[in-house]
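Residue strings, one per chain:
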Amino acid sequence: MNPVRRAVPEDAEEVLRLRQVMLDAVHPGSPSDWQSASLPALRARLAAPDGDFAAYVVDHPEHPGALAALVVGTLEYRIGGPNRPPSGVIGYVFSVATDPDARRRGYARACMDGLLEWFRGRGVERVMLTASPDAEPLYASMGFTRDQAPSMRLHL
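Residues numbered from 1 in each chain as written. Predicted model: local features only at pLDDT ≥ 70, side-chain atom pairs only at ≥ 80, totals over all residues. Heavy atoms only, no water.

S.K.: How would you sum up the overall build of the protein chain? Please name residues and give values.
M.R.: The number of helices and strands found in the protein chain is four helices and five strands. Start at the N end of the protein chain and walk to the C end: the helices and strands fall as β-α-α-β-β-β-α-β-α. For 156 residues, the compact-globule estimate of 2.2 N^0.38 gives 15 Å, and the protein chain sits close to it at 16 Å. Along the longest, intermediate and shortest principal axes, the C-alpha atoms of the protein chain span 45 × 40 × 30 Å. Taken across its 156 residues, the protein chain has 38% of its residues classed as buried. Across the protein chain, every contact between residues at least 6 apart in sequence was considered, and the portion connecting residues at least 24 apart equals 62%. (Helix = DSSP H or I, 4+ residues; strand = E, 2+ residues; numbered from the N terminus. Rg over C-alpha atoms; globule rule 2.2 N^0.38 Å. Buried < 20%, exposed > 50% of the residue type's maximum accessible area, 1.4 Å probe, protein only. Contact = heavy atoms within 4.5 Å.)

S.K.: Before we move on, can you summarise the nonpolar core with the specific residues and values?
M.R.: Met112, Leu115 and Phe119 are the most contacted members of the largest nonpolar core, which has 24 residues in total. Elements represented by at least two residues in this core include exactly β2 (53–59), β3 (67–77), β4 (89–98) and α3 (107–121). When residues of this core are assigned to their parent elements, the largest contribution, nine residues, is made by α3. Among all residues touching Met112, those that are not within four sequence positions of it are Val71, Val93, Val96, Leu129, Tyr139, Met142 and Phe144. Ala7, Ala12, Val15 and Val21 belong to the second largest nonpolar core, which has 18 residues in total. (Core = buried A, V, L, I, M, F, W, Y, C linked by side-chain atoms within 4.5 Å.)

S.K.: Tell me about the sheet that holds β4, and please be specific about residues and values.
M.R.: Sheet strands associate in pairs through backbone hydrogen bonding, adopting either a parallel or an antiparallel arrangement. As summarised here, the arrangement of the five strands in space is β1-β2-β3-β4-β5, forming an open sheet in which the pairing is mixed. At either margin of the open sheet sits one strand with a lone partner, and together these are β1 (4–6) and β5 (126–129). Between one strand and the next, the sheet's axes are offset by a mean angle of 25 degrees, whatever the strand orientation. Relative to β4, β3 is paired through eight bridges, and the arrangement is antiparallel. If you follow Leu70 over to β4, its bridge partner there is Ala97. (Pairing = 2+ DSSP bridges. Axes fitted to C-alpha atoms, helices over the stretch in contact; angles between N-to-C directions.)

S.K.: Report on the pairing of β3, specifying residues and quantitative values.
M.R.: Where burial is concerned, most of β3 is hidden: nine out of the eleven residues are buried. Alignment of β2 against β3, held across seven bridges, turns out to be antiparallel. Bridged to Val58 within β3 is Ala69.

S.K.: Please provide a residue-by-residue account of the environment of Leu16, values included.
M.R.: In this fold, Leu16 is placed in helix α1 (residues 12–26). Linking Leu16 and Ser38, residues 22 residues apart in sequence, is a C-alpha distance of 8.4 Å. For Leu16, the residues in contact, after removing those within four places along its chain, are Trp34, Gln35, Ser38, Leu39 and Leu42.

S.K.: Describe the packing of aromatic side chains, and please don't skip the residues or the numbers.
M.R.: Under the definition given, this model contains three aromatic pairs. With a centroid separation of 6.5 Å and an interplanar angle of 50 degrees, the aromatic rings of Phe53 and Phe94 are classed as tilted. Linking Phe53 in strand β2 with Phe94 in strand β4, this pair joins segments that are 41 residues apart in sequence. On the basis of relative accessibility, which here comes to 32%, the residue Phe94 falls in the partly exposed class. Cation over ring: Arg19 sits above Trp34, and NZ or CZ is 5.9 Å from the ring centre. (Phe/Tyr/Trp six-rings, centres within 6.5 Å; stacked < 30°, edge-to-face > 60°. Lys NZ or Arg CZ within 6 Å of the ring centre and 35° of its normal.)

These values are about where atoms sit, not about what they do.
Shown next as structure tokens:
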């Protein structure tokens, strides 16, 4: 039996908890006061199965009602170009997290497989993500390669 399933609105609080696990791994002591404000929008996204957002999860085998692992992705359209697919549809992976006591069981890989299948079903030809040094071997084993494009950001 495949332990991976698509997240539903009732998973929203656990999705946010695992996102905080990921944030704390990258930036220890990250604030968590953003979670309650994010909950309504996340529930709405999880309730729209045909939208441009998907989360795949594994239920925690030892803790009923908790999630063991999470992978979230979204679809974005960018005009096609020399380094972009002609369709312009790109998949973005973010919030890959595994509960600390459920690691090394293949849950993150299983969630990634579910999300990649969802991307394929929507015509995605390219998937992008940002990898931590600890996670890079997993992604490399799945066929991801390092991208040299620089990234900048502006907060409005």
